[in-house]
Amino acid sequence: MQDRVTKLFKAIADPTRREIFHALVVASTALSITQIASDFAMTRQGVTKHIKTLEDAGLIYINNVGRERFCNADPKPLKEVDKWLQSYSKFWDDKLDNLEKFLGQKHT
Amino acid sequence: MKDVITKERTFNRSIQAVWNAISKAEELSAWFIDADFKAEKGYNYRFTSSGEENCTAIVGEILEADPYTLSYTWIVEGTKAVTTVTWRLESEGENTKLYLEHSGISNYEGETAVTMFNNFNGGWDNCMSELNTYLKKEAHAG
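Just so it is clear, the structure is predicted and the values come from calculations on it, not from any experiment. Counting of residues starts from 1 at the beginning of each chain's written sequence and follows it residue by residue. To label them, take the chains in the order written and letter them from A, then take the ligands in the order written and number them from 1. A pLDDT threshold of at least 70 governs which residues receive local features in this predicted model, and a stricter bar of 80 or more applies before side-chain atom pairs are shown or counted, although totals over entire chains, interfaces and linings include all residues.

Peer 1: How should I be thinking about the overall build of chain B in this particular structure?
Peer 2: Segments assigned H or I by DSSP are reported as helices when at least four residues long, segments assigned E as strands when at least two residues long, and all are numbered from the N terminus. From N to C terminus, chain B includes four helices and seven strands. In sequence order, the secondary structure elements of chain B are arranged as β-α-α-β-β-β-β-β-β-α-α. Buried, partly exposed and exposed are defined by the number of other C-beta atoms within 10 Å of a residue's own C-beta, namely 20 or more, between the two limits, and 12 or fewer respectively, with C-beta atoms placed from the backbone. Counting over 142 residues, chain B shows a buried share of 30%. Whether two residues are in contact is decided by their C-beta atoms, placed from the backbone, lying within 7 Å. Within chain B, contacts between residues separated by at least 24 positions form 44% of all contacts whose residues are at least 6 apart in sequence.

Peer 1: Please clarify how the sheet that holds strand β2 (residues 60–65) of chain A should be interpreted in this entry.
Peer 2: Note: strands within a sheet are paired through backbone hydrogen bonds, in either parallel or antiparallel orientation. All names here are of chain A. Only strands joined by at least two bridges in the DSSP assignment are considered to pair. Spatial ordering of the open sheet is given by β1-β3-β2, a layout of three strands whose pairing is antiparallel. Two strands close off the open sheet at either side, each with one partner strand: β1 (31–32) and β2. As paired elements, β1 and strand β3 (residues 68–73) share two bridges and run antiparallel to each other. Paired with L31 across the strands is C71, a residue of β3. Orientation is described by axes fitted as lines to C-alpha atoms, over the contacting stretch for helices, and by angles from 0 to 180 degrees between their N-to-C directions. Helix α2 (residues 15–27) contacts β1, β2 and β3 of the sheet and is inclined by roughly 85° relative to β3. Relative to β2, helix α4 (residues 44–56) is tilted by about 120°, and along the sheet it contacts β2 and β3.

Peer 1: Looking at this structure, how should I read the pairing of strand β7 (residues 95–103) of chain B?
Peer 2: The side chains of a regular strand alternate between the sheet's two faces. Residue and element names in this part refer to chain B. Taken together, the eight bridges between strand β1 (residues 4–11) and β7 define a ladder with antiparallel strand orientation. Paired with E8 across the two strands is Y99, which belongs to β7. Sheet analysis places strand β6 (residues 83–92) next to β7, joined by nine bridges and oriented antiparallel. Bridge pairing in β7 places S91 opposite T96. In textbook terms, the turn of a hairpin is the stretch between consecutive antiparallel strands, and for β6 and β7 this stretch comprises two residues, one of which, G93, has a positive phi near 65°.

Peer 1: Mind showing me how you'd approach α4(A) here?
Peer 2: Since there are 3.6 residues in each turn of an α-helix, residues three or four apart along the chain are aligned in direction. Expected span of a helix, by definition, is 1.5 Å for each gap between consecutive residues, and there is one gap fewer than residues. Here α4(A) spans 18 Å end to end across 13 residues, near enough to the 18 Å set by a 1.5 Å rise per residue. Backbone geometry just downstream of α4(A) places A:G58 in the positive-phi region, at approximately 80°.

Peer 1: Just to check I follow, could you spell out the environment of A:D56 for this structure?
Peer 2: Along the polypeptide, A:D56 turns up in helix α4. Between the C-alpha atoms of A:D56 and A:K7, which are 49 residues apart in sequence, the distance is 6.8 Å.

Peer 1: What should I look at first to understand unusual backbone geometry in this one?
Peer 2: Note: most peptide bonds trans; most residues except glycine with negative phi. B:P67 connects to B:Y68 through a cis peptide bond whose omega is 5°. Looking at the secondary structure, you find B:Y68 in the loop between β4 (58–66) and β5 (69–76). The backbone of A:S28 sits at a positive phi, close to 45°, despite the residue not being glycine. The residue A:S28 is located in the loop between α2 and β1 in this model. The backbone phi angle of A:A41 is positive, close to 50°, even though this residue is not glycine. With respect to the helices and strands, A:A41 occurs in the loop between α3 (33–39) and α4. Among the residues examined, A:A41 registers 7 C-beta atoms within 10 Å and is labelled exposed.

Peer 1: What am I meant to see in the nonpolar core here?
Peer 2: A general feature of soluble globular proteins is that nonpolar side chains tend to end up buried together. One finds A:F102, A:L103, B:V18, B:A21 and B:W31 to be the most contacted residues of the largest nonpolar core, which totals 23 residues. Only α5 (78–105) of chain A together with α1 (15–23), α2 (25–31), β3 (44–48), β5 and β6 of chain B provide two or more residues apiece to this core. Non-local contacts of B:V18, meaning those with residues more than four positions away in its chain, are made with A:L103, B:F11, B:R13, B:L89, B:T96 and B:L98. One nonpolar core equals one set of buried Ala, Val, Leu, Ile, Met, Phe, Trp, Tyr and Cys residues connected by C-beta atoms within 7 Å. Residues A:F21, A:L31, A:I36 and A:A73 belong to the second largest nonpolar core, which totals 17 residues.

Peer 1: Hey, could you run me through α2(A) in this one?
Peer 2: Residue and element names in this part refer to chain A. Here α2 spans 18 Å end to end across 13 residues, near enough to the 18 Å set by a 1.5 Å rise per residue. Three or more residues of α2 are buried, namely R17, I20, F21 and L24. Here the buried residues of α2 occupy an arc of 95° about the axis, which is enough to place them on one side. Across α2 from its buried face, at more than 90 degrees, point the exposed residues P15 and V26. Phi for S28, located one or two positions after α2, is positive at around 45°. Comment: arc refers to directions from the helix axis out to C-beta atoms.

Set out below in structure tokens:
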């Protein structure tokens, strides 16, 4: 659980990785490493590194076709992140409930 | 990626009463968390909890404190991720409207995220028990 969330946050913390992931989601089809490298004006090596991090987080999966590696987006794990954000959101709801009670009870 | 949490509340209180509640250390400590806090630009505040162990402190700097906007950085102590909390009040007839914005949430990453995640899954309830204690005291006093 901890490990998964850590990997997810690590994966989406980097702007370039977010862009690559976004490009894959928008493409809604598999893109090869070569294609991504060309789209992002990056070396294959650079792309491969980012892809590995995204793959570790479960955000993409890879199919090998011949010598080329094709990447597909899988946004499902992002629900974990959303759940986490919701915890933060609930935190503020609870605090504002407290504030409401506090303001209601003040005798000034 | 959603990066901002926003909240709105309307209180049947004067704008000054709500402003005091969110900007004065004594009042913050009653409903929010033990606060070493001054609503002065540049002040380094500290939110802690009294008595409870293993509660991570929140620290930060006041960015803006002009009635009725209060803004400060929100940093989980010991981590590098900087987020920002902004409170804004508006008079609406006899009521006061409160807008709360917590931005930069995606700046949390890796370990910080996990620490925070765990904190919010139970830990903070203990850390935030001051209000309950306070309300009980008030109820008995009344």
